[in-house]
Amino acid sequence: MTEPLQLPALHASHAGTWLREGSGQTRGVSKGDAVMAAADTPLLMVNAPLVATRLGYPDLSGLDLLELYAFVRPAKFCVPTAKGLAEAVGLPPPESDADTPAMLQRAAARLMETCRSDDWAEREGAWSTLQSLTRLRWPWAPLLREHVRKPERAEKWLFSRLPEWEEAPERPQPRQIKLSGDEVTAQLDHLTGEGSERREGQRHFASEAASIFAPREKRSAPHLLLAQAGTGIGKTLGYLAPASLWSHAAGGTVWVSTFTKNLQRQLRQESGRAWPARRSDGSRPVVVRKGRENYLCLLNLEDALQGGFAGRPAILAQLVARWAAYSADGDMIGGDLPGWLGTLFRKRGIAALTDQRGECIYAGCPHYRKCFIERSVRSAAQADLVIANHALVMINAARARDAASVPRRIVFDEGHHVFDAADSTFAAALTGRETIELRRWILGPERKNRGRRRGLAARLADVSSYDEAGGAAIEAAIEAARVLPSDGWLERMAEGLPDGPVEALLYQVRAATYARDESGGQEAGYGIETEAAQLPGELVEAAGHSLSALNEIRMPLVKLAGRLEAVMEAAPDWLDAQGRARIEGARHSLAWRIDLLAAWIALLDRLGGPVDERFVDWLMVERNDSREFDTGIQRRWLDPMEPFARTVLDTAHGVMLTSATLADRHEDGPDWEGAIAKSGAAHTDAKPLLVNAESPFDYANRAEVLIVTDIKRGDLAGLAGAYARIIEKSGGGVLGLFTAIRRLRAVHGRIADRLAREGLPLYAQHVDPIDTGTLTDIFRDDPAASLLGTDALRDGVDVPGESLRCVVMEQVPWPRPTILHRARRSAAAASGSTGQAFDDAIIRARLAQAFGRLIRSKDDRGHFIVLSPAFPSRLKSVFPVGTPIIRLTLDEALARLSGAQDGTDASVETDVREDENSGAFET
């Protein structure tokens, strides 16, 4: 049995604080005593930032076992709780809060035993990393020194150990084939496995999904399938069956696009049924592709390791380097890097190690041949299945670096999010933050700024020295870019001292937005906006000056793009393959910035002039917790499916949009009108095929919808009390969904301690210093835990079984009355609908997504509770047919929850059940 590490250990929860001396007894202590003990000597703890939040002492530090785990077991999953850590190291979980400190001592000893073991899988590189961590005064370093032995041979540095990617010939055009229904169902049977349940809904879904792989009959008219598949249909294998058949027979690539990282992970696992992990030549048939900002940038990491980071961020860089040596693909956001690692270091260290600003120097990078991003791009070009996200698919379709990267056959899973993804992807935002990033991209580092950022001149030094016209264009762009906002622009805004034409415009935008603000200060600390109409003359004049300044930047960039193309066509002797790759990368980045400037110029050109009916423009000031952080002008397409159709559908051969909530639901079944409008079909010659596969789950007997009528709107005390009583009655397992962060925080603050004392831990977005994915992992791991959150938890959270038994919405999820929402609502009314119908479609979609979190398998059961009497009866059709919908008081709802816990029938009086003729649900 592992001997505990004889160091003091601390555990803090909402229920209290417990301290254990090195070899003494565990005792309950006050928060003040715990802070004093931590100040005297380093204490063992799990998730120091969370402990600091519990103690109300943000400067708390100690021996965080999660940091030790990240060193010993890089790229290995661990739920960042005492229970999760115990399971990860093979110890029994603590039975209570008071038992936790002793378990932490044993877990620390177990991890150190691993370092002494001869079969430690992650031994390579550990000794060298430990020497660096010792110099950085990492608290664990002195304790580990005697356990991590020096290797007989000098260890290679990370950048020497990583394998290089290899170029591959372009994949030939896929063969034109048509799949038969029998082939598809046979493949589906193979994927689901012998003896598995035969689901007719899934077989029908799979057969229809095969239609998108048929040869295209007309240019700009892809095969378009809209398929609604209720929860439990098995839609993932339903479309992977024809996709795997087609890719094998045709030799082509299928893209599956998701909106959430959770589904990407699920797809990667499910795809193992159809494809091997590697082909005979070692290549991967299935590749996950994400945006560049998701992957570790080796050049940024090298800079951090060599002094670019200091203090705690430097320790983070060393732990990330440990992870990079064992990572499957270098994915830092949703990959095998623990999501909690970055939060342990409080600052945005993880983001600084990725390519956030699009400033990659491509072949000019010394690590180019080992780059995780470039490996992913090349692997995807040769893959049978590429798993991506909606935004990346749209960006690749719009500006892929080569034709092979353009998706031609696409399955948009979570298809109800395609509209929102297109809305963001094709938007234009002329803001302070965006313009300052453009300045940095062109000029590079200024004054004392640290980091490896390089400007245009440094990235294209060889071109400017060879091509005089190209060099002149670079100099002109640099000179013109000096008028863009620079560091300190926010302070100058507040002081009324803008510097340059673009800052002058932002100053006028800010002044106009505040002048028109009608919130009366009630929403102080939150963003404000006003429509870009009837603008003051000073703002219009400033827009004209900014337009000229942006044109002065764009023109030399266009000239430079032309010169780079000329250099590529008449390549000089010195331009080798690496130089070509660097120039190709520069051309791609240039095209992006040229398009960005064109969008800004078009936006400014319309200010004060005639309205372009295709767009919605507004002025905004972004604030968060009373801190102003951005100002500018926003532009969105009134219908973003118009550019989506032009860039994605027109170039595709087959597209499928599928989701459990793709179409609105009415009394007589799915309403496809909205789904068709949000697919982009109206802007192409495509004629969508419509498929509906109802969920096989028994909602009538396994779920109930409870509308609680006696919680008054605005009564925070009553709302908090209701949440507490529901969680207590359910014994945890509650997912609470809020429409406002302020109310979420207020409810959490009132009830977390009370629940913790009863052994019911409560976690919350925007309160706990933990990322959303990790919060979900914690919630899933503990059936007694409950979780409060906002939109991110309403969709894409998959928690089957006992861990999620009840979903509670604090009110009907009415749409926020923004300028963009008002414009689209008016457009819907002008097309023959009504404003109420437009709002109702949004509300029903949100309710359907939230209800979909409740029943994830045929054995699940639970309650869906809305704490609002203002629930219109016209919305009840959103729930699956047969689901009981009951209007009742909180006490009656608790009685039903109690009945569900003990298996009895907690029926209510018949007069609280909905009467079709009474209008009981009407507001």
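Residues numbered from 1 in each chain as written. Predicted model: local features only at pLDDT ≥ 70, side-chain atom pairs only at ≥ 80, totals over all residues. Heavy atoms only, no water.

### Some details on the overall build of the chain
When helices and strands are tallied, the chain shows 35 helices and 25 strands. Here the chain has a C-alpha radius of gyration of 29 Å; the compact-globule value for 923 residues is 29 Å, and the two agree. In terms of its C-alpha atoms, the chain occupies a principal-axis envelope of roughly 85 × 75 × 65 Å. Among the 923 residues that make up the chain, the fraction classed as buried is 54%. Within the chain, residue pairs in contact and separated by at least 24 positions form 76% of the contacts whose partners lie at least 6 positions apart. About 39,700 Å² of surface is accessible on the chain, with carbon and sulfur atoms providing 48% of the total. One finds the centroid of the 113 positive side-chain charges in the chain at a distance of 4 Å from the centroid of its 124 negative side-chain charges. (Helix = DSSP H or I, 4+ residues; strand = E, 2+ residues; numbered from the N terminus. Rg over C-alpha atoms; globule rule 2.2 N^0.38 Å. Buried < 20%, exposed > 50% of the residue type's maximum accessible area, 1.4 Å probe, protein only. Contact = heavy atoms within 4.5 Å. Areas by Shrake-Rupley, 256 points an atom, 1.4 Å probe, with all protein chains shown as cover. Lys, Arg positive; Asp, Glu negative; His and termini not counted. Charge placed at Lys NZ, Arg CZ, Asp CG, Glu CD.)

### Points about the sheet that holds strand 18 (residues 689-693)
On the basis of which strands lie adjacent, the open sheet formed by seven strands has the order 8-9-7-10-15-6-18 and parallel pairing. The sheet is open, and its two edges are formed by strand 8 (286-288) and strand 18, each paired on a single side. Adjacent strand axes in the sheet meet at a mean angle of 15° when their direction is disregarded. Sheet topology places strand 6 (residues 223-229) next to strand 15 (residues 654-659); six bridges connect them, and they run parallel. Bridging across to strand 15, Leu 225 finds its partner in Met 656. (Pairing = 2+ DSSP bridges. Axes fitted to C-alpha atoms, helices over the stretch in contact; angles between N-to-C directions.)

### Examining the confidence of the model for the chain
When pLDDT is averaged along the chain, the result is 89; 94% of the residues meet or exceed 70. Contacts from residues 906-923, a stretch scored under 50 in pLDDT, to residues over four places away or in other chains number 34 contacts. (pLDDT = per-residue confidence, 0-100.)

### Here's the deal with the pattern of salt bridges
Scanning the model with the defined rule gives 46 salt bridges in all. Across the pair Asp 331 and Lys 290 runs a salt bridge whose closest N-O atoms are separated by 2.5 Å. Of this pair, Asp 331 sits in the loop between helix 14 (312-324) and helix 15 (349-352) while Lys 290 sits in the loop between strand 8 and helix 13 (298-308); the two residues are 41 residues apart in sequence, bridging distant segments of the chain. One exposure class covers both Asp 331 and Lys 290, and it is buried. Among the charged side chains, a network of salt bridges with common partners joins Glu 167, Arg 292, Asp 355, Glu 374 and Arg 378. (Salt bridge = Lys/Arg side-chain N within 4 Å of Asp/Glu carboxyl O.)

### Notes on empty space enclosed by the protein
Any space left empty among the atoms is revealed by the rolling of a water-sized probe across them. Under the criterion given, the structure shown has four cavities of 30 Å³ or more. Its volume calculated, the largest cavity comes out at about 110 Å³. Around the largest cavity, the lining comprises 14 residues; the ones closest to its centre are Cys 297, Leu 299, Cys 360, Cys 365 and Cys 371. When the residues that make up the lining of the largest cavity are grouped by side-chain class, the tally is ten nonpolar, one polar and three charged. Computed from the structure, the second largest cavity encloses a volume of approximately 90 Å³. Among the secondary structure elements, those contributing two or more residues to the lining of the second largest cavity are helix 20 (456-459) and helix 26 (577-606). (1 Å grid on protein atoms, 1.4 Å probe; cavity = no way out; pocket = protein on both sides within 12 Å on 5 of 7 lines; lining within 4 Å. Points joined across faces, edges and corners; volume = space filled by probe spheres on them. Nonpolar A, V, L, I, M, F, W, Y, C, P; charged D, E, K, R; others polar.)

### With respect to the side chain of Thr 883
Within the element layout of this structure, Thr 883 appears in the loop between strand 24 (862-866) and strand 25 (885-888). The buried category is assigned to Thr 883, whose relative accessible area is 7%. In this structure the side chain of Thr 883 is engaged in a polar contact, spanning 2.8 Å, whose partner is the backbone oxygen of Pro 880. Beyond its immediate chain neighbours, meaning those up to four positions away, Thr 883 contacts Tyr 699, Ala 700, Ala 703, Val 705 and Phe 851. (Polar contact = N/O pair within 3.5 Å; in protein donor to acceptor, adjacent residues only side chain to side chain.)

### A closer look at the layout of surface pockets
Estimates place the volume of the second largest pocket at around 1,100 Å³. Looking at the second largest pocket, it is lined by 41 residues, and the ones nearest its centre are Arg 278, Gly 282, Arg 284, Arg 375 and Ser 379. A total of six residues in the lining of the second largest pocket trace back to one element, the largest contributor, which is helix 16 (residues 372-382).

### A few points about the packing of aromatic side chains
The full count for this structure, using the stated rule, is 13 aromatic pairs. When the centroid spacing of 5.7 Å and the interplanar angle of 50° are considered together, the rings of Phe 71 and Trp 138 count as tilted. A residue pair is termed long-range when its members are at least 10 positions apart, and Phe 71 in helix 3 (residues 65-72) and Trp 138 in the loop between helix 6 (126-135) and helix 7 (141-144) qualify at 67 residues. The burial state of Phe 71 is the same as that of Trp 138; both residues are buried. Between the aromatic rings of Phe 213 and Trp 246, the centroid separation amounts to 5.7 Å while the plane-to-plane angle is 25°, which identifies the pairing as stacked. Placement of Phe 213 in the loop between helix 10 (200-209) and strand 6 and of Trp 246 in helix 11 (residues 235-250) is noted, with a sequence separation of 33 residues between them. The exposure class assigned to Phe 213 is buried, which follows from its relative accessible area of 3%. An aromatic cluster of at least three residues, connected via ring pairs, comprises Phe 697, Tyr 699, Phe 851, Phe 864, Phe 871 and Phe 879. Its guanidinium or amino end placed over the ring of Trp 165, Arg 369 lies 4.2 Å from that ring's centre, counting from NZ or CZ. Seen from the ring of Phe 615, Arg 635 lies directly overhead, with NZ or CZ sitting 4.3 Å from the centre. (Phe/Tyr/Trp six-rings, centres within 6.5 Å; stacked < 30°, edge-to-face > 60°. Lys NZ or Arg CZ within 6 Å of the ring centre and 35° of its normal.)

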